[in-house]
Amino acid sequence: MSLLRRSLVALATSALAATPLLALAQAPLVVKFSHVVAGDTPKGKAAEFFAKRAAELTGGKVKVEVYANSTLYKDKEEMEALQLGAVQMLAPSLAKFGPLGAKEFEVFDLPFIFDNYDELHRVTQGKVGQQLLGKLEGRGIKGLAFWDNGFKSMSANKALKNPEDFKGLKMRIQSSKVLEAQMRAVGALPQVMAFSEVYQALQTGVVDGTENPHSNLFTQKMHEVQKHMSLTEHGYLGYAVITNKKFWDGLPADVRGQLEKAMQESTVYANKIAKEENDAALEKVKASGKTAVYQPTPAERLAIKKAMVKVHEEMASRIGKDIIDTVYKETGFDPSKL
Ligand code: LMR
């Protein structure tokens, strides 16, 4: 048993023993919702919205406590904590499910697979999305919804216009083999790192650059330690909202139904604000004057696209060719037409 696992079990047991039975009967059911980004982001705001609607719809029977900015757990720990039941809800990025064995989720990391939110929603809000969430059940996890963030920009201390500009740069990535391959495809050196550590790693030069939607970049102040940012929109970053399956299945049916409704409403809200939040964050980055924001020309973007899209074939055996083809069918993407 790892140290973390031991202390989580001890914590859960002592908390239970210390709670008098009467208090248990009257106190609201506390649902801990942990995440790694700032409160002022699409995910942070949607988690707060869910907490509010959960309290309203259950008439106060459920109290959702939101822990933002990795204050409770960092990336890898939060998955373990959810499976152990030390926390009840998370919304990890889709790029973080590979280490759990749910490699299909890395389809969302394939560079240039989605051109816009509409194409993406055909997958996440449709049948394919439901099938993907269902794949988590064997791991003690219940998938509740997909929440958007947005399309990623690249940043570094040099201008990133052409594929060659990435050569030799140490680029921080999330824990996804597809993102690893994507960075290698342009000659960069990918480095997996927890989100909470990125700012410092950029500041101290442990890594040279990174990729993220603008809301994440701005709220973590990454633009203050990156001289250049390129609006490549080369890939998507979004979330699966997940819960501990045993916890969810053990809820009284009426409460579960109310929480499902709160989740449906939160998903509509999250997916409505995501683009606005990212656009606003980009304007704030520009206004700060701390980083030079570059819009690649169509020819430059196409060169990056051509260099990266070969990753689709390279990763087909890992992700599953079927799921990639299903997504192509939904979005109309055809790599042979580049
Ligand atoms: C990252 O690690 O860059 C993102 O997954 C953070 C997040 O949750 O949006």
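Structure: above.
Residues numbered from 1 in each chain as written. Predicted model: local features only at pLDDT ≥ 70, side-chain atom pairs only at ≥ 80, totals over all residues. Heavy atoms only, no water.

Caption draft 1: Spatial organisation of the sheet that holds strand β4 (residues 141-151). Spatially, 5 strands are ordered β2-β1-β3-β10-β4 in an open sheet, and the strand pairing comes out mixed. At either end of the open sheet lies a strand with only one pairing partner, and these are β2 (62-67) and β4. Inspection of the sheet shows strand β1 (residues 29-34) paired to strand β3 (residues 89-90) by 2 bridges, in the parallel sense. What sits directly across from serine 34, in β3, is leucine 90. Running at roughly 165 degrees to β2, helix α3 (residues 42-57) makes contact with β1, β2, β3, β4 and β10 (236-244) of the sheet. Running over the sheet, helix α4 (residues 75-84) touches β1, β3, β4 and β10 and is turned about 25 degrees from β10. (Pairing = 2+ DSSP bridges. Helix = DSSP H or I, 4+ residues; strand = E, 2+ residues; numbered from the N terminus. Contact = heavy atoms within 4.5 Å. Axes fitted to C-alpha atoms, helices over the stretch in contact; angles between N-to-C directions.)

Caption draft 2: Inspection of the nonpolar core at higher detail. If you look at the biggest cluster of nonpolar residues, it comprises 60 residues, and the most contacted ones within it are Phe97, Phe105, Val107, Phe108, Leu110, Phe114 and Ile242. Each of two domains, domain 1 (3-104 + 111-148 + 238-280) and domain 2 (153-235 + 281-337), supplies a minimum of three residues to this core. Look past the residues within four positions of phenylalanine 114 in its chain and what remains in contact with it is Phe108, Glu119, Leu120, Val123, Phe151, Tyr236, Val327 and Thr331. One finds Phe33, Ala46, Trp147 and Phe247 within the second-largest nonpolar core, a separate group that totals 40 residues. (Core = buried A, V, L, I, M, F, W, Y, C linked by side-chain atoms within 4.5 Å. Buried < 20%, exposed > 50% of the residue type's maximum accessible area, 1.4 Å probe, protein only. Domains from an automatic or database assignment.)

Caption draft 3: Highlighting the side chain of serine 155. Within the secondary structure, serine 155 is located in strand β5 (residues 153-156). There is a polar contact of 2.6 Å between the side chain of serine 155 and the side chain of glutamine 226. Setting aside residues no more than four positions away along its own chain, serine 155 makes contact with Leu160, Met171, Gly209, Thr210, Leu217, Gln226, His228 and Met229. (Polar contact = N/O pair within 3.5 Å; in protein donor to acceptor, adjacent residues only side chain to side chain.)

Caption draft 4: Seen up close, the packing of aromatic side chains. Considering all chains together, one arrives at 10 aromatic pairs under this definition. On the numbers, 6.1 Å between centres and 25 degrees between planes, the contact of phenylalanine 33 with tryptophan 147 is stacked. Residue phenylalanine 33 is found in strand β1, and its partner tryptophan 147 is found in strand β4; the two are separated by 114 residues along the sequence. For phenylalanine 33, a relative accessible area of 0% translates into the label buried. Between tyrosine 328 and phenylalanine 333, the aromatic rings sit 5.4 Å apart at their centres with planes inclined by 45 degrees, giving tilted as the arrangement. A residue is classified by how much of its surface remains accessible, and tyrosine 328, at 13% relative accessible area, is buried. Joined through ring pairs, the aromatic side chains of Phe108, Phe114, Tyr117, Phe146, Phe151 and Tyr236 make up one cluster. Here the basic side chain of lysine 161 rests over the ring of tyrosine 294, its NZ or CZ set 4.7 Å away from the ring centre. (Phe/Tyr/Trp six-rings, centres within 6.5 Å; stacked < 30°, edge-to-face > 60°. Lys NZ or Arg CZ within 6 Å of the ring centre and 35° of its normal.)

Read these as geometric descriptors, not functional statements.
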